[in-house]
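# Inside the fold
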Amino acid sequence: MKNTFGSSISVTLFGESHGETIGAVLDGLPPAIKIDTDYIDKKLSERRPYGKLSTARVEKDNYRIVSGAFNGYTTGAPLTILIDNENTVSKNYDSIKVCPRPSHADYTAECKYHGYQDYRGGGHFSGRITAALVAAGAILQSALLSKGIKIGTHIASVHGVCDRDFEDYEKDLEIISAKAFSVLSDEAESKMKDEILKAKENGDSVGGVLESVILGVPAGVGEPWFDSMEGVISHMLFSIGGIKGIEFGSGFSFADMLGSEANDHFEVKDGKIVTKTNHNGGINGGITNGMPLTLKCAVKPTPSIYKEQGSVNMQSMQNETLKIEGRHDPAIIHRVRSVVDAALAIAVADMLSLRFGTDYLSEK
């Protein structure tokens, strides 16, 4: 099992859903990054479940930074974050020891770890582990903000209900930053919540699409082949269990365009080279061109639903019908938003550090 991402700045995740503690280790950080606890708290609150839209399992997410920080700043040593699990009901998962849940990692974990894995709540595969990722990412997000680099994500659609597109990135990032349910249109928010609640009433779940933008990344970051900016970001984002598709810029819409429609023409504006359009999402040849980085992620419906589903008994090798018990989200997309932001911050911080050195993120 490998749980580390990154080359210059790396993050390692550890823990299980119903274990004592989950956490993350950030390695390669420079000294003198300010630890903004208010910002970390805000990002964790965006991920935390709330109300009828989410699971009834609500954790306080009280975190401890037990190494790598002193007097409010990073020291340059590995930074370790611990978050205790406090609200677990493990008995709800007894049945999945032998009957894997559809679209979960229960069966594949059995194939890889031969029954030694912690199956409770999905164990190490659980979305619970993303709390540690969000806390680690928040430290890098605040460091990036000090360099003028902003990251934000809105819910572009839920089960066919669409939000408006980004129009003014700076203003729109302020709008979604102030919202627990990160949409730009109040009308879309109401309709999306209705879709989620409707699915919940039917014992079902819904998915959707997240749209992200990263502002302020300078031109020239990324590599032309195996460590392209798209490749590194995708590698990181696909570590989030619910994400099943990613596109940059116009993405799959390129398939229906002519070259004359798809090409981003260059121009000089205010003494800088920019493009008139941004179909390529701020990346050419795997390298940033100085325009906003734009991308979308497809988030699948929460696989834990209350309807009867087909499964198997892995011991008797007989077909069985499974009905999942416990506390589950009818949608995770509004919570995944903060996880995506954290993942983007980690990936971008790593790429910037490879290009300019880790001191690029330092406040000294």
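In what follows, the accompanying structure is described. (Residues numbered from 1 in each chain as written. Predicted model: local features only at pLDDT ≥ 70, side-chain atom pairs only at ≥ 80, totals over all residues. Heavy atoms only, no water.)

### Some remarks on the overall build of the protein chain
The cut-off we apply is this: Note on conventions: DSSP H or I runs of at least 4 residues are helices, E runs of at least 2 residues are strands, and numbering of each starts at the N terminus. For every residue, the accessible area (1.4 Å probe, protein chains only) is compared with the maximum for its type, and the residue is labelled buried under 20%, exposed over 50%, or partly exposed between those bounds. The contact definition used throughout considers only heavy atoms, calling two residues in contact when any of these lie within 4.5 Å. Using a 1.4 Å probe, accessible areas were evaluated by the Shrake-Rupley method; residue-level cover was limited to the displayed protein chains. Counted as positive: Lys and Arg. Counted as negative: Asp and Glu, with His and the chain ends omitted from the count. In this description, the location of a charge corresponds to atom NZ of lysine, CZ of arginine, CG of aspartate or CD of glutamate.
Within the protein chain, the regular secondary structure consists of eight helices and 18 strands. Projecting the C-alpha coordinates of the protein chain onto the three principal axes gives extents of approximately 70 × 50 × 35 Å. When the 364 residues of the protein chain are sorted by exposure, 51% land in the buried category. Of all intrachain contacts in the protein chain linking residues separated by at least 6 positions in sequence, the fraction that spans at least 24 positions is 71%. Accessible surface for the protein chain amounts to roughly 17000 Å². Of this, 51% is attributable to carbon and sulfur atoms. Here the protein chain contributes 38 positive and 47 negative side-chain charges, whose respective centroids are spaced 4 Å apart.

### Thoughts on the side chain of Gln117
Let me state the cut-off plainly: Counting of polar contacts relies on pairs of N or O atoms within 3.5 Å, with two restrictions inside protein: one atom must be capable of donating a hydrogen and the other of accepting it, and residues adjacent in sequence are counted only when both atoms are side-chain atoms.
Examined against the element boundaries, Gln117 turns out to sit in the loop between helix H2 (106–113) and helix H3 (130–145). Judged by its relative accessible area of 18%, Gln117 is buried. At 3.0 Å, the side chain of Gln117 and the side chain of Glu110 are in polar contact. At a separation of 3.1 Å, a polar atom in the side chain of Gln117 contacts the main-chain amide nitrogen of Gly115. Excluding anything up to four places from it in sequence, Gln117 contacts Ala109 and Glu110.

### Section: the pattern of salt bridges
Here is the rule we go by: Any carboxyl oxygen of Asp or Glu that lies within 4 Å of a side-chain nitrogen of Lys or Arg is treated as forming a salt bridge with it.
Taken as a whole and assessed by the stated rule, the structure comprises 17 salt bridges. Here Arg337 ties to Glu46 by a salt bridge, and the two come within 3.6 Å at their closest N and O atoms. Taken as a pair, Arg337 in helix H8 (residues 333–356) and Glu46 in helix H1 (residues 37–47) lie far apart in primary sequence, 291 residues in all. With relative accessibility at 2%, the residue Arg337 sits in the buried group. Two residues, Arg48 and Asp61, come together in a salt bridge whose shortest N-O distance is 3.3 Å. On the criterion of sequence distance, the pair formed by Arg48 in the loop between H1 and strand E4 (63–67) and Asp61 in the loop between H1 and E4 is long-range, its members being 13 residues apart. Classification of Asp61 as buried rests on a relative accessible area of 3%. A single network of salt bridges, built from pairs that share partners, joins Lys42, Lys43, Glu46 and Arg337.

### Re the sheet that holds strand E11 (residues 243–248)
Just so we agree on the cut-off: Only strands joined by at least two bridges in the DSSP assignment are considered to pair.
In spatial order, the strands read E9-E8-E10-E16-E11; together these five strands make up an open sheet with antiparallel pairing. Because the sheet does not close on itself, it has two edges, and the strands there are strand E9 (161–162) and E11.

### Concerning the nonpolar core
Here is the rule we go by: Only buried residues count toward a nonpolar core. Its members are Ala, Val, Leu, Ile, Met, Phe, Trp, Tyr and Cys residues joined through side-chain atoms within 4.5 Å.
Of all hydrophobic cores here, the largest spans 76 residues; its most connected members are Leu140 and Leu237. Considering every element that reaches this core, the biggest residue donor is H8, with 14 residues. For Leu140, the residues in contact, after removing those within four places along its chain, are Ile9, Leu26, Leu29, Ala345, Ile346, Ala349 and Leu361. In this structure, Phe166, Leu173, Val213 and Leu215 belong to the second largest nonpolar core, which totals six residues.

### Some remarks on the sheet that holds E4
Strand order in this open sheet of five strands is E1-E2-E3-E7-E4, and the pairing throughout is antiparallel. Two strands bound the open sheet, and with one partner strand each, they are strand E1 (4–5) and E4. Two elements, strand E3 (residues 21–27) and strand E7 (residues 79–84), share six bridges in a ladder whose sense is antiparallel. The residue bridging Val25 from the neighbouring strand is Thr80, located in E7.

### Quick word on a nonpolar patch on the surface
Operational definition: For patch building, the residue pool is restricted to those with more than 30% relative accessible area and no salt bridge; the joining distance is 9 Å between like charges and 5 Å between nonpolar side chains (Val, Leu, Ile, Met, Phe, Trp, Tyr).
There is a patch of nonpolar side chains on the surface, built from Phe266, Val268 and Ile273 and spanning about 370 Å² of accessible area. Structurally, Ile273 is set in strand E13 (residues 272–275).

### Re the packing of aromatic side chains
Stated precisely, the cut-off is as follows: Paired rings are identified among Phe, Tyr and Trp, the last through its six-membered ring, by centres lying within 6.5 Å, and are further divided according to the angle between planes into stacked (under 30 degrees), edge-to-face (over 60) and tilted (the rest). Think of it as a cone above the ring: NZ of Lys or CZ of Arg counts as a charge over the ring if it is within 6 Å of the ring centre and within 35 degrees of the ring normal.
Within the structure shown, the criterion is met by three aromatic pairs. Measuring from centroid to centroid gives 6.5 Å for Tyr113 and Phe125, while their planes differ by 50 degrees, and the two rings are tilted. Residue Tyr113 is located in helix H2, and its partner Phe125 is located in the loop between H2 and H3; the two are separated by twelve residues in the primary sequence. Aromatic pair Phe356 and Tyr360: ring centres 5.2 Å apart, planes at 25 degrees, arrangement stacked. On the accessibility criterion, Tyr360 (22% relative accessible area) is partly exposed. The ring of Phe181 has Lys193 sitting right over it, with the charged end atom 5.3 Å from the ring centre.

### Some details on the packing of H1 against H8
Note the following rule: In this description, a line fitted to the C-alpha atoms serves as the axis of each element, helices being fitted only across the stretch in contact, and the angle between N-to-C directions of two axes falls anywhere from 0 to 180 degrees. Throughout, the term roughly parallel applies to angles under 35 degrees, roughly antiparallel to angles over 145, roughly perpendicular to angles from 65 to 115, and oblique to all others.
Where H1 contacts H8, the axes come no closer than 7 Å and their chain directions differ by 140 degrees. By the angle class used here, H1 and H8 are oblique. Along its contact with H1, which presents Lys43, Glu46 and Arg47, the element H8 presents His334, Arg335, Arg337, Ser338, Val339 and Asp341.

### Considering the packing of H1 against H3
Stated precisely, the cut-off is as follows: Helix crossings fall into two classes, left-handed where the near helix is turned counterclockwise from the far one by less than a right angle and right-handed where it is turned clockwise.
Relative to each other, H1 and H3 sit at 135 degrees, their axes nearing to 9 Å. On the basis of the axis angle, H1 is oblique to H3. With respect to the hand of their crossing, H1 and H3 are arranged in right-handed fashion. Along the contact surface, H1 presents Tyr39, Ile40, Lys43, Leu44 and Arg47, while H3 presents Thr130, Ala131, Val134, Ala135, Ala138, Ile139, Gln141, Ser142 and Leu145.

### Observations regarding the state of the cysteines
The condition is simple: Note that a disulfide, as used here, is simply two cysteine sulfur atoms within 2.5 Å.
Counting across every chain of the model gives zero disulfides. Among the cysteines around Cys99, which has no disulfide bond, Cys111 carries the closest sulfur, lying 15 Å off. The closest cysteine sulfur to the non-disulfide-bonded Cys162 is located on Cys297, 16 Å from its own sulfur.

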